[in-house]
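Commentary on secondary and tertiary structure
So the chains spell out like this:
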Amino acid sequence: MSDSDAELRSRVVTGAIAAYCAGDFHSVGHVEIARAADLDVDDVRRAYPIWDLLVVAVMDRWNNGSRRALWSVAERDGVVAYLRARLQAGLDEPSLVRLRIALLSAASTPGHPAEGWFRAQYEHSFEDITLGLARDVVAGREPEGTSPRHAAEQLVALYEGLQLQALLRDDTEVIGGFDRAVARLRVGWRASAPV
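What this report covers is the structure whose coordinates are included nearby.

Definitions and cut-offs
- Within each chain, residues carry numbers counting from 1 in the order of the written sequence.
- Reporting of local features is limited, given that this is a predicted model, to residues whose pLDDT is at least 70; pairs of side-chain atoms are given and counted only at 80 or more, and all residues count toward the totals for whole chains, interfaces and linings.
- Hydrogens and waters are ignored; side-chain quantities use all the structure's heavy atoms.
- Runs of H or I in DSSP of at least four residues are treated as helices and runs of E of at least two as strands, each being numbered from the N terminus.
- Throughout, an axis means a line fitted to C-alpha atoms (over the contacting stretch in the case of helices), and angles, computed between N-to-C directions, take values from 0 to 180 degrees.
- Small angles under 35 degrees read as roughly parallel and large ones over 145 as roughly antiparallel, with 65 to 115 read as roughly perpendicular and the rest as oblique.
- By the convention used here, residues are in contact when the closest approach between their heavy atoms is within 4.5 Å.
- For this scheme, ten residues count as nonpolar: Ala, Val, Leu, Ile, Met, Phe, Trp, Tyr, Cys and Pro. Four count as charged, namely Asp, Glu, Lys and Arg, and the remainder, Gly too, count as polar.
- Here the expected span of a helix is defined as 1.5 Å times the quantity of residues minus one.
- Here's how the labels work: a residue is buried when its accessible area is under 20% of the maximum for its type, exposed when over 50%, partly exposed in between, all with a 1.4 Å probe on protein chains only.
- Think of the arc as the fan of directions from the helix axis to the C-beta atoms.
- Here a cavity denotes a set of grid points, spaced 1 Å apart and computed over the protein atoms alone, in which a 1.4 Å probe fits but from which it cannot get out, and a pocket denotes an open set meeting protein on both sides within 12 Å along at least five of seven lines; residues with an atom within 4 Å of a point are reported as lining.
- Grid points are joined across faces, edges and corners, and a volume is the space filled by probe spheres set on the points.
- Each pair of aromatic rings taken from Phe, Tyr and Trp, with Trp reduced to its six-membered ring, is defined by centres within 6.5 Å and is described as stacked if the planes are under 30 degrees apart, edge-to-face if over 60, and tilted in the remaining cases.
- Put simply, a charge is over a ring when the Lys NZ or the Arg CZ is close to the ring centre, within 6 Å, and near the line of the ring normal, within 35 degrees.

As for unusual backbone geometry
For residues other than glycine, phi is negative in most cases, and the peptide bonds are mostly trans. Of note, the phi angle at Asp38 is positive, near 55°, even though the residue is not glycine. Here Asp38 is to be found in the loop between helix H2 (30–37) and helix H3 (41–47).

Let's talk about the packing of helix H5 (residues 79–92) against helix H7 (residues 115–139)
Taken N-terminus to C-terminus, the directions of H5 and H7 make an angle of 135°; their axes are 9 Å apart at the nearest point. Relative to H7, the element H5 lies oblique. Contact residues: Val79, Tyr82 and Leu83 in H5; Ile129, Gly132, Leu133 and Asp136 in H7. A breakdown of the residues in the contact of H5 with H7 according to their chemical character gives five nonpolar, one polar and one charged.

Things to note about helix H8 (residues 148–168)
Between its first and last C-alpha atoms H8 spans 30 Å; for 21 residues at 1.5 Å apiece the expected length is 30 Å, and the two agree. Of all the residues in H8, the buried ones are Ala151, Ala152, Leu155, Val156, Leu158, Tyr159, Leu162 and Gln163. Buried residues in H8, looked at end-on, bunch into an arc of 155°, giving them a common side. Where the residues of H8 are buried, they touch H5, helix H6 (94–107), H7 and helix H9 (174–191).

Side note on the layout of surface pockets
Its volume calculated, the largest pocket comes out at about 450 Å³. As for the largest pocket, its lining consists of 23 residues, of which Arg100, Leu104, Phe118, Gln121 and Tyr122 are closest to the centre. Among the elements of the structure, helix H4 (51–77), H5, H6, H7 and H8 are those that each provide at least two residues to the lining of the largest pocket. With nine residues, the top contributor of residues to the lining of the largest pocket is H7. Of the residues in the lining of the largest pocket, the class split is twelve nonpolar, five polar and six charged.

Brief notes about the environment of Ile33
When you line up the elements, Ile33 lands in helix H2. Residue Ile33 is classed as buried on the basis of its relative accessible area of 0%. With sequence-adjacent residues up to four places away left out, Ile33 is seen in contact with Val12, Gly15, Ala16, Ala19, Val28, Val44, Trp51 and Leu54.

Digging into the environment of Glu144
Structurally, Glu144 can be placed in the loop between H7 and H8. For the pair Glu144 and Trp71, spaced 73 residues apart in sequence, the C-alpha to C-alpha distance is 23 Å.

Some words on the packing of aromatic side chains
All chains considered together, the criterion is met by two aromatic pairs. Plain terms: the ring middles of Trp71 and Tyr82 are 4.8 Å apart, the flat faces sit at 75° to each other, and that makes the pair edge-to-face. On the criterion of sequence distance, the pair formed by Trp71 in helix H4 and Tyr82 in helix H5 is long-range, its members being eleven residues apart. Residues Trp71 and Tyr82 agree in their burial class; the two are buried. When the centroid spacing of 5.3 Å and the interplanar angle of 75° are considered together, the rings of Trp117 and Phe118 count as edge-to-face. Owing to a relative accessible area of 10%, Phe118 belongs among the buried residues under this scheme. For the cation-ring pair, Arg9 lies above Tyr48, with the distance from its terminal atom to the ring centre recorded as 5.1 Å.

Given below as structure tokens:
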């Protein structure tokens with residue numbers, strides 16, 4: 001791939017992100033991306049002849065970029081603070097949350113062209129959270145005896161559930177709900193710790 005091809009792909013991905021910010025996932029196509037990127041539709045198709053590869057490129061830059069940028073919060077303050085920061089980022093960029101939720105179907109559909117990539121990304125993110133929680137227990141940020149794997153399951157379910165509720169319910173208090181639920185989870189983690 002030449003530099004000009006790489007530049008074109010980058011520009012298409014930037015345009016796609018702008019198009020997803022402006023419109024619903026299901027209403028974004030080649031035309032909307034071309035308009036947002038100030039390109040011809042043929043340029044978009046040439047850069048990404050397979051639609052699913054374009055969606056993967058968008059998610060890699062947008063979602064994984066956000067995840068990587070915020071990981072320093074986990075390193076400094078723990079996984080709970082990291083997930084809280086990601087929830088706040090989702091409130092600031094609801095179109096990314098909508099795109100992530102829309103793509104969960106692809107991640108769970110056997111035979112979908114991007115299924116393997118989506119599943120691998122999800123598993124990688126979950127393993128990062130599990131490992132981060134193990135470090136948090138050792139560092140004393142989470143109760144001794146907390147099962148990092150079980151805590152990760154609970155925290156990811158809470159994180160994803162609150163994001164979905166925020167999209168579907170006007171009265172969802174995402175950050176407050178997260179803080180209250182984490183306080184209760186920690187009580188349970190302490191109670192299950194060996195004496």
